[in-house]
Amino acid sequence: MAPRGRLVVGVDCSTTACKAILWNERGRALAEGRAPVALSNPAPDAYEQDAEAWWRATRLALRRALAAAGPRAPSRLDAICVTHQRETVVVTDDEGRPLAPALVWMDARCRPQVRRAREALGEDELHQVSGKVPCTTPSVYKLMGLFEREPSLDPARLRALEVHAFLAYRLTGRLATSLASADPTGLVDMRRGAWAEGIARLAGLDPSRLPELVPPGALLGPLQPRAARALGLPEGLPVVAGAGDGQAAALGAGVTGPESAYLNLGTALVCGVPSPSYRVGRAFRTLYTAHPGAYLLETDLKGGTFSLGWFAGNVLGRRGARTLERLRALEREARAQPPASGGLLFVPYLHGVMNPYWDDDASALWFGLRGDHDAASLYRSLLEGLAFEQRLALEGVEKETGQGVGELRVMGGGTKSELFCQIVADVTQKPLRLTGSAEATCLGAGMLAAVAAGWFGGAAEAARAMSSSGRVVTPGPARSAYDAWFRRVYAGLYPALERAAAEAAKLRTPD
């Protein structure tokens, strides 16, 4: 029985901010604090951060949460757990001091290294071992690129830490991380639950210098005194191994079985279906779930709601506060547009495409653009393109697994748009059940902390007790029109243009 009055802390160190939330046994947020994390784009395809900013933002977010909760809050805490942006990685010395800027999950400077890795170990071997088709997303290829750009870095003598490992070391002094935090790096042998030595050595890394791997939800250790003073938390507070933000979001949404999927309408569109057994396929990438003993078959479109901000800033020229203002106006105008706006389709590959094509050189395009289309038409086509791509991804997973998905449990900034939610329901022909908490990712970390604190017997029990649902969006009359546009046009667009796209990529970035 979960104790009344006790609290756990979930920390979400995401791409642009760190959030700290105090949760009770019913999954209610008692207080929260936030702090920004700067993101740098110093060159094309380059996305970097100062890893020390993760720690500074964590400190500030926690102190703000505790201040909002009141002076008695620290004495009520039972455990703390971290979730984080995945694939983002930093190289450090033995004391955990960064030796170079952290490479963010969006960093795509490693296309040559992906090709070399395929040649060295073979695409099938890399996929079968790591659960990920080789592409620019997994950390291992980013690290290979870094070591080539910075020959002064000796990979055999340094440590490579993803965000969870970096923060866990600051919190506990223990060099350890969760399997569900490490596996997005592409460096984990998913069947063995251990570092994949062949892949690590491909990057020049010494596997013995990588963090110890533990199951998500395991106790990493007590909060060390120095960290406790910096954070305003009680010394010795149990620190619990977390999971990547996608896996934590699935748990926070109450998705623990294959009958439903989680869908994050965020900067990237990420969708995952739990699987009791390990399997690989080109329709998805395979990760560990946040609850030990299962896997997550996940699809990922890196150009998610990022596409909307890109459109406002780079096409309409509206930035900052004016971005949101203009997008809201366009949404009102776009409601009057018919499905596909008379034949306008957007393929949302602004950051390449992962599943099902795995083409880092793919690019976005508008198809069917005519002189009578306006800004509202373009905006609606962005929403529809994201929805069409989500249907393509879902159908691929359902086909490879032979299991249908009943409903999508949805979270993320995109849920603030009623039009977007309705379009996603209409296109995918799935009901959307919005999560009761807007911070399902942070809640998933809170659930892991609650289980470790003894509040519940397992993650599934915690999910039943702490997750909640909001409104349900069901497919409407537009579903038949969207079905025709998807089957007869959208599903064949990329395959029809793949050869031309490959030639354009060669001309754009000649060897």
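Details of the structure are given in the entry above.
Below is a short write-up of the structure. For every chain, the first residue of the written sequence is number 1, and numbering continues from 1 along that sequence. Owing to the predicted nature of the model, reporting of local features is limited to residues with pLDDT of at least 70; listing and counting of side-chain atom pairs is limited to 80 or more, with chain, interface and lining totals taken over all residues. Excluded from the side-chain calculation are hydrogens and water; included are all heavy atoms of the structure.

Now for the overall build of the protein. Helix and strand counts for the protein come out as 16 helices and 23 strands. Radius of gyration: over C-alpha atoms. The globule rule applied is 2.2 Å multiplied by the number of residues raised to the 0.38 power. For a compact globule of 511 residues, the expected C-alpha radius of gyration is about 24 Å, and the protein comes in at 22 Å, within 12% of that figure. Considering only C-alpha atoms, the protein reaches an extent of 65 × 50 × 45 Å along its principal axes. Taken over 511 residues, the protein has a buried fraction of 60%. Split by element, the accessible area of the protein, about 19500 Å² in all, is 50% carbon and sulfur. Charge assignment: positive for Lys and Arg, negative for Asp and Glu; neither His nor the chain ends contribute. In this description, the location of a charge corresponds to atom NZ of lysine, CZ of arginine, CG of aspartate or CD of glutamate. Taking the average location of the 59 positive side-chain charges in the protein and that of its 53 negative ones, the two points are 5 Å from each other. Under the scheme used here, helices are H or I runs from DSSP no shorter than 4 residues and strands are E runs no shorter than 2 residues, and both carry numbers assigned from the N terminus. Each residue gets one of three labels from its accessible area relative to the maximum for its type: buried under 20%, exposed over 50%, partly exposed in between, using a 1.4 Å probe on protein chains only. For accessible areas, the Shrake-Rupley method is used with a probe of radius 1.4 Å. Any residue's cover is judged against the shown protein chains and nothing else.

Within the secondary structure layout, Thr286 lies in strand β17 (residues 285-288). A residue is classified by how much of its surface remains accessible, and Thr286, at 0% relative accessible area, is buried. In this structure the C-alpha to C-alpha distance between Thr286 and Asp483, which are 197 residues apart in sequence, comes to 28 Å.

Here we take up helix α4 (residues 139-149). Counting buried residues in α4 gives nine out of eleven residues, a clear majority hidden from the surface. Within the span of α4, buried status applies to Ser139, Val140, Tyr141, Lys142, Leu143, Met144, Gly145, Leu146 and Phe147. Two residues form a contact once any of their heavy atoms are found within 4.5 Å. Looking at the packing, one finds that the buried side of α4 touches β6 (89-92), β7 (102-103), α2 (111-121), α3 (123-130), β8 (159-162) and α7 (197-202).

An α-helical segment advances 3.6 residues per turn. Residues three or four places apart therefore align on the same side. For helix α12 (residues 375-401), spanning 27 residues, the distance from its first C-alpha to its last is 40 Å, which sits close to the expected 39 Å at 1.5 Å a residue. With 22 of 27 residues buried, α12 is to be regarded as a mostly interior element. Pairs of N or O atoms are called polar contacts if they sit within 3.5 Å, as long as, within protein, a hydrogen donor faces a hydrogen acceptor (for residues adjacent in sequence, only side-chain-to-side-chain pairs). Between a side-chain oxygen at the N-terminus of α12 and the backbone nitrogen of Ala376 the separation is 3.2 Å; the capping residue is Asp374. Expected span, for any helix, means 1.5 Å times one less than how many residues it has.

In this structure, Thr172 sits in helix α5 (residues 163-172). Given a relative accessible area of 15%, Thr172 falls into the buried group. In this structure the side chain of Thr172 is engaged in a polar contact, spanning 2.8 Å, whose partner is the backbone oxygen of Ala168.

What you see with β8 is no split at all: Arg159 and Leu161 on one side and Ala160 and Glu162 on the other are buried throughout. At least two DSSP bridges between two strands are required for those strands to pair. Pairing between β6 and β8: four bridges, direction antiparallel. Residue pairing across strands places Val90 opposite Leu161, the latter belonging to β8.

Before going further, it helps to examine the packing of aromatic side chains. Here a Phe, Tyr or Trp ring, Trp counted by its six-membered ring, pairs with any other such ring whose centre lies within 6.5 Å, and the pair is stacked when the planes are under 30 degrees apart, edge-to-face when over 60, and tilted otherwise. Across all of its chains, the model carries 13 aromatic pairs by this definition. A network of ring pairs unites the aromatic residues Trp310, Phe311, Phe346 and Trp366 as a single cluster.

Once that is clear, we can look at the sheet that holds strand β14 (residues 238-244). Across the sheet, six strands lie side by side as β3-β2-β1-β5-β14-β13; this open sheet has mixed pairing. Each of the sheet's edge strands pairs with one partner strand only, and the pair in question is β3 (29-36) and β13 (219-222). Shown here is a sheet whose adjacent strand axes are inclined to one another by a mean of 20°, direction ignored. Where strand β1 (residues 7-13) lies against strand β5 (residues 77-84), seven bridges are found, and the strand directions are parallel. When the bridges of β5 are listed, Gly10 appears paired with Cys81. Strands in contact with helix α14 (residues 440-452) are β1, β2 (17-23), β5 and β14; relative to β1, the strand with the most contacts, it is inclined by about 140°. Every axis corresponds to a line fitted to the C-alpha atoms, with the helix fit spanning only the stretch in contact, and the corresponding angles, defined between N-to-C directions, vary from 0 to 180 degrees.

A separate point is the nonpolar core. Buried together is how nonpolar side chains tend to be arranged in soluble globular proteins. Within the largest apolar cluster, 57 residues are counted, with the highest numbers of intra-cluster contacts made by Val91, Tyr141, Phe147 and Leu205. Counting residues per element, this core draws most heavily on α14, at seven residues. Ignoring anything within four residues of it in the chain, the contact list for Val91 reads Arg97, Pro98, Leu99, Ala100, Leu143, Leu146, Phe147, Leu153, Leu158, Arg159 and Ala160. Joining through side-chain atoms within 4.5 Å is the link that ties buried Ala, Val, Leu, Ile, Met, Phe, Trp, Tyr and Cys residues into a set, and such a set is a nonpolar core. Of all hydrophobic cores here, the second largest spans 55 residues; its members include Cys271, Leu344, Phe486 and Leu493.

A separate point is the sheet that holds strand β18 (residues 295-301). One open sheet holds the seven strands; their spatial order is β17-β18-β16-β15-β21-β22-β23, and the pairing between them is mixed. Looking at strand neighbours, the two that pair on one side only are β17 and β23 (469-473), the edges of this open sheet. Ignoring which end each strand starts from, the neighbouring axes of this sheet average 30° apart. Bridge count between strand β15 (residues 260-265) and strand β16 (residues 269-275): four bridges; the pairing is antiparallel. Bridging across to β16, Asn264 finds its partner in Val270.

On to the side chain of Glu331, then. For Glu331, the position within the fold is in helix α11 (residues 321-334). Glu331 gets classed as buried once you look at its relative accessible area, which sits at 11%. Side chain to side chain, Glu331 and Ser417 meet in a polar contact 2.7 Å long. Those residues in contact with Glu331 that lie beyond four places of it in its chain are Tyr379, Ser417, Glu418 and Leu419.

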